[in-house]
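# Working through the structure, step by step
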Amino acid sequence: MSNKKLCAKRLVIFLLLAFGLAWIPWIILNRLIGYHEWFETSHYALFSIPTLYAPAIANLLTRLITKEGFSDLKLHLRLKGHLKYYLAAALLIPLLGILSAALNYGFFGADSVQIQTKLDGAGKLAAVLSLLITAPLAAFNTFGEEFGWRAYMNQKMEPLLGTTGTVLAGGILWGVWHAPLTAAGHNFGLDYAGYPFTGILAMAVICTVNGAILMWLTKRTDSVYPAAIYHACNNNGSQLIGLILLLNGIPEITAAPPDPVRDTVTMLPFILTAGIVLILMLRDAKQKKTAPIAAENQATV
Amino acid sequence: MTGLLFKELRQNRRMFPAAILLPILAAFLPIPVQLSFDHTAKDVIPSLNEDGLMTRLIMLFTAAALLSQCIRIALGQDESKKWAYFTISHPKGYRAQVYMKYVLIFMLLGLFFVSAYYSDMLLQMLFWHSTGEELISFLNLLPFLFFFQLLMQAFSIPFIFRFGSKNGSNMLAVFLLILVLAAVIFLLFGPDGGYGALVDAAEELLIRLGNGELNGAFAVIAGAFPLAAAAAYIGSYFLSCRFYLKGVAEYVK
């Protein structure tokens, strides 16, 4: 079997497992207990995190089923020379969040965001510090997804679809994977035009944008941890730091319905960053391709 | 480096189940403990939110203290001159050996944290099913416990590297005792009224805390604490590297 065919086979098995292991329990729990009860309260919190580990389990099972072995798991920390990427993973979301908040503030005004609690100077500093510090610790929640999507799916997809194809297809698949939760109102609530399809589409776009940054972090460090930290910062609400600083208060966090204009404007810093890292990844790929040819030419000279 | 990590994982393989089991025991042992405190089988679960809260807290901190003992054992396993000289001649040097000890301890503390997190969630689910009420959760406390453990280790590991696992504990105790004695002497004979002034200041601090005047400052300290603990842990590694060779000279075998 050729290398590409083998990659395709492994990718299909991985996707079947990643989707099946997450969707089956989600759909059952949504039906039996109700999404709000099992995902948003502490009553069944024990179920919510393990199901998010489905991609990680799919990674290990696929390796076992296809006898691929367990090399290149991307589990090494690789701190030496890569500390800047770890820092980027922890600080990108807050920094992009500040730009995003400034755009939101500039275009739609302060009234577009509801303030939950007013904060004084010390309160603001405390809120920002606690968001910054606890996010990396919450990375054990997001490690499961990153160990599947970035450490395995991207590796198998890139030889088949190229870097741009992997960013697009990988992001869409990752977004669609959230569909049972999105349809249950996790991301945008239940009351919006085109429910639930526009919600799933919006999620696919968000995942594609963030997926590019996550893929870049993983490729640059050859480790899954920076991606897990970035993902944890995203889930932990680190992007709210900008709003906290601008509005002097903790913004109300509700599952707002997707709004193409507002979402595009507020996501602009993330989209631009995704574009930049995609260019960087394409440049790296080009350099990798030309490096052996250049070495060969030099040898013949 | 991978070889050294593998060695640490293999050598301390029994520590990992301990780091996982200790928080599970800490979460569920309060049930039989509460049963022994005049509670019936019927009201033992509801009691976890009342007087059982303190039992849960004590159990959690006891488990954390036991893990510290496990870590001390793990640190003392390589105290042999032959091994130390081998690591010094190793291409990565003794720094890699020290680094892997820090990685191992971080892994053990991380496992403890994750296990405590899941144990608390399991207990919450059982409590809600039995009583229909919410259990007072420790989920917000656990990150602080993690960083507190990190800070404690950051403080004690250099002592162990400098004086060995046995003497290191004694030296740490002596060091703390000297600190306490110095503080007592300062309070008794120091300027500005000594002990009485401290009591007054503490009283004022408590009153201001009670009035909510220091909420902001307290929140900033709480927010900055994890950062300080992480920085102390990293700084502690460099300190241990400096002490390692001096410590080796004092190994018995």
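On a predicted model such as this, the values are computed, not experimentally measured, just so you know.

### Some details on the overall build of chain B
When its secondary structure is counted, chain B shows ten helices and zero strands. Across chain B, helices and strands are ordered from the amino to the carboxyl terminus as α-α-α-α-α-α-α-α-α-α. Its C-alpha atoms give chain B principal-axis dimensions of roughly 60 × 55 × 35 Å. Across chain B, the fraction of contacts at a sequence separation of at least 24, relative to all contacts at a separation of at least 6, is 76%.

### Observations concerning the overall build of chain A
Of regular secondary structure, chain A possesses twelve helices and two strands. In sequence order, the secondary structure elements of chain A are arranged as α-α-α-α-α-β-α-α-α-α-α-α-β-α. Relative to the globule expectation of 19 Å for 301 residues, the C-alpha radius of gyration of chain A, 20 Å, shows essentially globular dimensions. Dimensions of chain A along its principal axes, counting C-alpha atoms only, are 70 × 50 × 35 Å. Put simply, chain A has 301 residues, and 43% of those count as buried. Long-range pairs, those at least 24 residues apart, make up 85% of the contacts in chain A with a sequence separation of at least 6.

### Focus on the nonpolar core
With 78 residues, the main nonpolar core has A:A89, A:I213, A:I229 and A:Y230 as its most contacted residues. Broken down by element, the residue count for this core peaks at 13 residues, all from helix α9 (residues 197-221) of chain A. Ignoring anything within four residues of it in the chain, the contact list for A:I213 reads A:L92, A:Y230, A:T273, A:A274 and A:V277. With 44 residues, the next largest nonpolar core counts B:A63, B:Y94, B:M100 and B:F112 among its residues.

### Quick word on the interface of chain B and chain A
Facing the 20 residues of chain B at the interface are 16 residues of chain A. By residue number, the principal contributor to the side of chain B that touches chain A is helix α10 (residues 215-248) of chain B, which donates nine residues. In terms of residue class, the side of chain B that touches chain A is made up of 15 nonpolar, four polar and one charged.

### Thoughts on the packing of helix α2 (residues 15-28) of chain B against helix α6 (residues 93-131) of chain B
Residues and elements named next belong to chain B. Two numbers describe how α2 lies on α6: the axes approach to 8 Å, and their chain directions differ by 30 degrees. Viewed along their axes, α2 and α6 adopt a mutual orientation that is roughly parallel. Remark: the crossing between α2 and α6 carries right-handed chirality. Between α2 and α6, the residues in contact are M15, F16, A19, I20, L22, P23, I24 and A27 and L108, L111, F112, S115, A116, S119, D120 and L123, respectively. Classifying every residue of the contact of α2 with α6 by side-chain character gives 13 nonpolar, two polar and one charged.

### Describing the packing of helix α5 (residues 83-108) of chain A against α9(A)
Residues and elements named next belong to chain A. In contact at an axis separation of 10 Å, α5 and α9 are set at 165 degrees when each is read in the N-to-C sense. In terms of orientation, α5 and α9 fall into the roughly antiparallel class. Crossing of α5 against α9: the hand is left-handed. For the pair formed by α5 and α9, the contact residues are Y85, A89 and L92 on the first element and I213, L217, R220 and T221 on the second. Residues that form the contact of α5 with α9 fall into these classes: five nonpolar, one polar and one charged.

### A few points about unusual backbone geometry
Residues and elements named next belong to chain A. That bond from Y195 to P196 is cis: its omega, -5 degrees, falls within 30 degrees of zero. By secondary structure assignment, the location of P196 is in the loop between α8 (179-183) and α9. Notably, R78 is not glycine yet its phi reads approximately 50 degrees, a positive angle. Relative to the helices and strands, R78 resides in the loop between α4 (54-65) and α5.

### Description of the environment of A:T273
All names here are of chain A. Tracing the backbone shows T273 in helix α12 (residues 260-300). Residue T273 is classed as partly exposed on the basis of its 19 C-beta neighbours within 10 Å. What T273 contacts, discounting residues up to four positions off in sequence, is L96 and I213.

### Examining the environment of A:P180
All names here are of chain A. Tracing the sequence through the fold places P180 in helix α8. The sequence separation of P180 and P196 amounts to 16 residues, and the corresponding C-alpha distance is 9.6 Å. In contact with P180, not counting residues within four places along its chain, are W23, W26, I27 and N30.

### Structural notes on the confidence of the model for chain B
Residue and element names in this part refer to chain B. A residue-level look at chain B finds 94% of positions with pLDDT of 70 or above and a mean pLDDT of 85. When mean pLDDT is taken per element in chain B, α2 scores highest with 94 and helix α9 (residues 194-210) scores lowest with 73. For this predicted complex, the interface confidence score (ipTM) comes to 0.71, while the overall pTM stands at 0.80.

### Some points on the environment of A:N30
Mapped onto the elements, A:N30 comes out in helix α1 (residues 3-32). Residues A:N30 and A:L181, 151 residues apart in the sequence, show an inter-C-alpha distance of 8.6 Å.

### Here we look at helix α7 (residues 141-163) of chain B
Residue and element names in this part refer to chain B. Over its 23 residues, α7 runs 33 Å from end to end, which matches the ideal 33 Å to within 8%, given 1.5 Å per residue. At S156, α7 is deflected by roughly 25 degrees, the largest bend along its length, and proline P158 occurs up to four residues later in sequence. After α7 finishes, the residue G164 shows a positive phi value of roughly 90 degrees.

### Details of α4(A)
All names here are of chain A. Taking 1.5 Å of rise per residue, the twelve residues of α4 would be expected to cover 16 Å, and the 16 Å separating its terminal C-alpha atoms lies within 8% of that figure. Lining the buried residues of α4 we find α1, α3 (45-51) and α7 (139-177). Following α4 by one or two positions, K67 has its phi on the positive side, about 55 degrees.

Reading the values: the criteria
- Residues numbered from 1 in each chain as written.
- Chains lettered and ligands numbered in written order.
- Predicted model: local features only at pLDDT ≥ 70, side-chain atom pairs only at ≥ 80, totals over all residues.
- Helix = DSSP H or I, 4+ residues; strand = E, 2+ residues; numbered from the N terminus.
- Contact = placed C-beta atoms within 7 Å.
- Rg over C-alpha atoms; globule rule 2.2 N^0.38 Å.
- Buried ≥ 20, exposed ≤ 12 C-beta atoms within 10 Å, placed from the backbone.
- Core = buried A, V, L, I, M, F, W, Y, C linked by C-beta atoms within 7 Å.
- Nonpolar A, V, L, I, M, F, W, Y, C, P; charged D, E, K, R; others polar.
- Axes fitted to C-alpha atoms, helices over the stretch in contact; angles between N-to-C directions.
- Parallel < 35°, antiparallel > 145°, perpendicular 65-115°, else oblique.
- Left-handed = near helix turned anticlockwise from the far one by under 90°.
- pLDDT = per-residue confidence, 0-100.
- Expected span 1.5 Å × (residues − 1).
- Bend = angle between axes of the 7 residues up to and from the residue.

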